[in-house]
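# Chain and residue survey
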Amino acid sequence: MTTRILFVCLGNICRSPLAESIFKETAAQAGRADEFEVDSAGTYDGHVGHPADRRTRAVAAAHGLTLDHTVRQVAQADFDTFDLILAMDFENKADLLSFSALTPEQKAKVKLFREYDPLARGSFDMNVPDPYYGASNGFELVYAMLERTAKGLLASLSPQS
Ligand code: 4NP
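The structure reproduced in this document is the subject of the present report.

Analysis parameters
Residues numbered from 1 in each chain as written. Predicted model: local features only at pLDDT ≥ 70, side-chain atom pairs only at ≥ 80, totals over all residues. Heavy atoms only, no water. Near = heavy atom within 4 Å. Polar contact = N/O pair within 3.5 Å; in protein donor to acceptor, adjacent residues only side chain to side chain. Areas by Shrake-Rupley, 256 points an atom, 1.4 Å probe, with all protein chains shown as cover. Axes fitted to C-alpha atoms, helices over the stretch in contact; angles between N-to-C directions. Helix = DSSP H or I, 4+ residues; strand = E, 2+ residues; numbered from the N terminus. Parallel < 35°, antiparallel > 145°, perpendicular 65-115°, else oblique. Left-handed = near helix turned anticlockwise from the far one by under 90°. Contact = heavy atoms within 4.5 Å. Nonpolar A, V, L, I, M, F, W, Y, C, P; charged D, E, K, R; others polar.

### Describing the site of the ligand
In the region of the ligand, the neighbouring residues are Cys9, Leu10, Gly11, Asn12, Ile13, Cys14, Arg15, Tyr44, His47, Asp130, Tyr132 and Tyr133. Gly11 has a polar backbone atom sitting 2.8 Å from an oxygen atom of the ligand. With respect to the ligand, the side chain of Arg15 contributes an N or O atom lying 2.7 Å from an oxygen atom. The fraction of the free accessible surface of the ligand (350 Å²) that becomes covered by protein chains is 92%.

Right under this line is the structure:
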């Protein structure tokens, strides 16, 4: 059975496309690529149709990942298509849950990505910080957070579940 996972941030140019690529690579390295279908999307429509931020692509390339995502906005149909919808921060999660007429099953698909971060348990701050306005080393810091969280997510999804 395929598990479909959607990674969501605000712009879909920094955190969520990177999380998508890192999770895909993490699953591939574990020999589990065929268990998953992944995508990413933004709650905001300002960058729709564009590639990811060049700093996102640069940090991905520095870690041997190709990131060729085209930005798209979250759509109502995503709540049916995907099994898990993982928000990068609380605001993204709140925006997802504000879609109209979600069923309890659809709402239950929405979680914070860092619920799977082994270093975040019990933390007050469960957000993946947005590196968009910060220094470029913010992308490396976010990369490390996404990588360990992707491993935690993969471990939580038992093979063939
Ligand atoms: P992201 O970062 O949500 O991680 O893709 C942002 C990208 C763009 C904007 C904000 C955050 N923006 O306001 O344009």
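There is more to say after this.
### Thoughts on the packing of helix H1 (residues 15-29) against helix H6 (residues 137-156)
Relative orientation of the contacting elements H1 and H6 amounts to 50°, with a least axis distance of 9 Å. Put simply, H1 runs oblique to H6. Crossing geometry of H1 relative to H6 is assigned as right-handed. Residues Arg15, Leu18, Ala19, Ile22, Phe23, Thr26 and Ala27 of H1 form the contact with H6, whose own contacting residues are Val142, Tyr143, Leu146, Glu147, Ala150, Lys151, Leu153 and Leu154. Looking at the contact of H1 with H6 residue by residue, the class counts come to 11 nonpolar, one polar and three charged.

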